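Here's the letter readout for the chains.
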Amino acid sequence: MTNPIKRASLRRRVSWIVWAVNIALFATLLVFVLR
Amino acid sequence: MKPFFLIVVYLGAVTLPLILSAAVGGPPREWHQELASGLGILAFSMILMEFILSGRFKAISNGVGMDVTMRFHQIMARMALVFALVHPFLYQETPSGGPRPWDPTRELTLTTDFSAILSGIGAFLLLPSLVILAIGRTQLDYKYETWRLMHGVGALLIALLLLNHTIYGGRYGSEPVMTWVWLAMTGVAVGSLLMVYLWVPLQQKARAWRVVSVNQLTPKQWELSVEPEGHGGLDYKAGQFLWLNVGHSPFSLKENPFSICSAPAEGPRVSFMIKELGDFTRTVGQIESGTLAYLDGPYGNLSVDGRAEPGVALIAGGVGLAPLLGILRQMRATNDPRKVRLIYGNRVIDQIAYREELGTEDVVYVLSEPPDNWEGEFGFIDGALIDRVFSEEEFSEWVFVMCGPAPMMDVVEDHLIKRGTPSHHILSERFSYD
């Protein structure tokens, strides 16, 4: 069974973008809240 | 545009109001009130960016792919919904009321201005409805154009309500700089709607097309061809798709996405392979030659132009042949030196389209319900079949392009990765995004 994370599927292509965007959004939010 | 650049632009636009709010919005309050405002601000800017992620901007969808754009649009909409729904509850126990002379920066009190609260409540109720209707679109069985109209009008209404709520109800939004920022961002979002529904149709009107043939390929598949009406035609790459409107005003919402199955090298005529599935496709056979048509496109990044791999593997299921046929035709018309091999799967023999044109050289036909005298491959397009068709060297060196039902694409993608095909050698574009 192939590791699903390694799949070149739509889910995989989108998921790294969503992860990158979410980390950046939550980091900005954290800085805003704790400033 | 490159994906990385697009992501940076997206992040910059979404976080700009939050960063500016921190810079101009007075002293910070308790953490839960700041979190409440922060979530509200992010939700609004994410909702405004959803307009730009609607899939109709080529700079975006041709950069990362239409399927990625649409899936990202869906996921970010759900996140914005959660942010928006959570945000009012985090203000709990904050004193509320009108302006207080001893609290000029509204550090201590929340507004209770009725109209600003009401617009927020309106958006609070509309936003989940919009998202739920979008998620359940196929189950609810709306006509495609009805759903699009509802989605566009609903989104516009939510954006305007949120603009009012943010400017008049928000502590940060009421700062003059922020008011201008929100007005500008909402203007861009609304402008994007005007562009899609007014500007693009106006351009289409000046570049009309005419249906020149409608041929029945198989019992349920048709080829529809159009030619430009007094203009140079379409600048596209084999494998791309566009929005086709046949027999309606360019301002009509009655347009559907179809892959182009012709090749740019063959001339200005553009052809589509269409399977009878929904409202429009069931009536394709009744379209008469001479009917006016309008095209919006091309979209998508399913193209092998300029790629360095020595061979091109095309894997098609059913009507998924359309974009791959375009690629094959382009390669044949330009005497492309790269090797090419097509796997074309169907359920029964009657569903095989373009059999004469495709020929037998470099084409592997697969039937899941073959007739008794069938000598080709049978079963589904799976790992075992792909192993019979491609060598180890081809797995690692060729580019694999696929289009077909989602389960087929999953199986093929999994198998290619297992065989060592680098993921950047696998091209696929899905036309259902969930």
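A few points on the structure. (Residues numbered from 1 in each chain as written. Chains lettered and ligands numbered in written order. Predicted model: local features only at pLDDT ≥ 70, side-chain atom pairs only at ≥ 80, totals over all residues.)

### A word on unusual backbone geometry
Residues and elements named next belong to chain B. In plain terms, the rule: Numbering goes from the N terminus for both helices and strands, where a helix is a DSSP run of H or I of at least four residues and a strand is a run of E of at least two.
A cis amide bond links Gly-297 to the next residue, Pro-298, at an omega of 0 degrees. Within the element layout of this structure, Pro-298 appears in strand β8 (residues 292-299). The phi dihedral of Asn-335 is positive, around 50 degrees, even though this residue is not glycine. Structurally, Asn-335 is set in the loop between α9 (321-333) and β10 (339-346). One non-glycine residue, Asp-362, adopts positive backbone phi at about 65 degrees. Its place among the elements puts Asp-362 in the loop between α10 (355-358) and β11 (363-367).

### Observations regarding helix α7 (residues 144-169) of chain B
Selection criterion: Any helix carries an expected span of 1.5 Å times its number of residues minus one. Our contact criterion uses C-beta atoms placed from the backbone: two residues qualify when those atoms are within 7 Å.
With 26 residues, α7 of chain B ought to run about 38 Å at 1.5 Å a step, and its terminal C-alpha atoms sit 36 Å apart, in line with that. Buried residues along α7 of chain B sit against α2 (31-52), β2 (110-111), α5 (114-135) and α8 (176-206) of chain B.

### With respect to the pairing of strand β7 (residues 270-275) of chain B
Residues and elements named next belong to chain B. To be explicit about the condition: Comment: burial labels come from other C-beta atoms within 10 Å of the residue's own C-beta, placed from the backbone, where a count of 20 or more is buried, 12 or fewer is exposed, and between is partly exposed. At least two DSSP bridges between two strands are required for those strands to pair.
Where burial is concerned, most of β7 is hidden: 6 out of the 6 residues are buried. Because side chains alternate across β7, one face comprises the buried residues Val-270, Phe-272 and Ile-274, and the other comprises Ser-271, Met-273 and Lys-275, equally buried. Here 6 bridges tie strand β4 (residues 221-228) to β7, and the two strands are oriented antiparallel to one another. The partner of Glu-223 across the bridge, within β7, is Met-273.

None of the figures reported here should be taken as evidence of function without further support.
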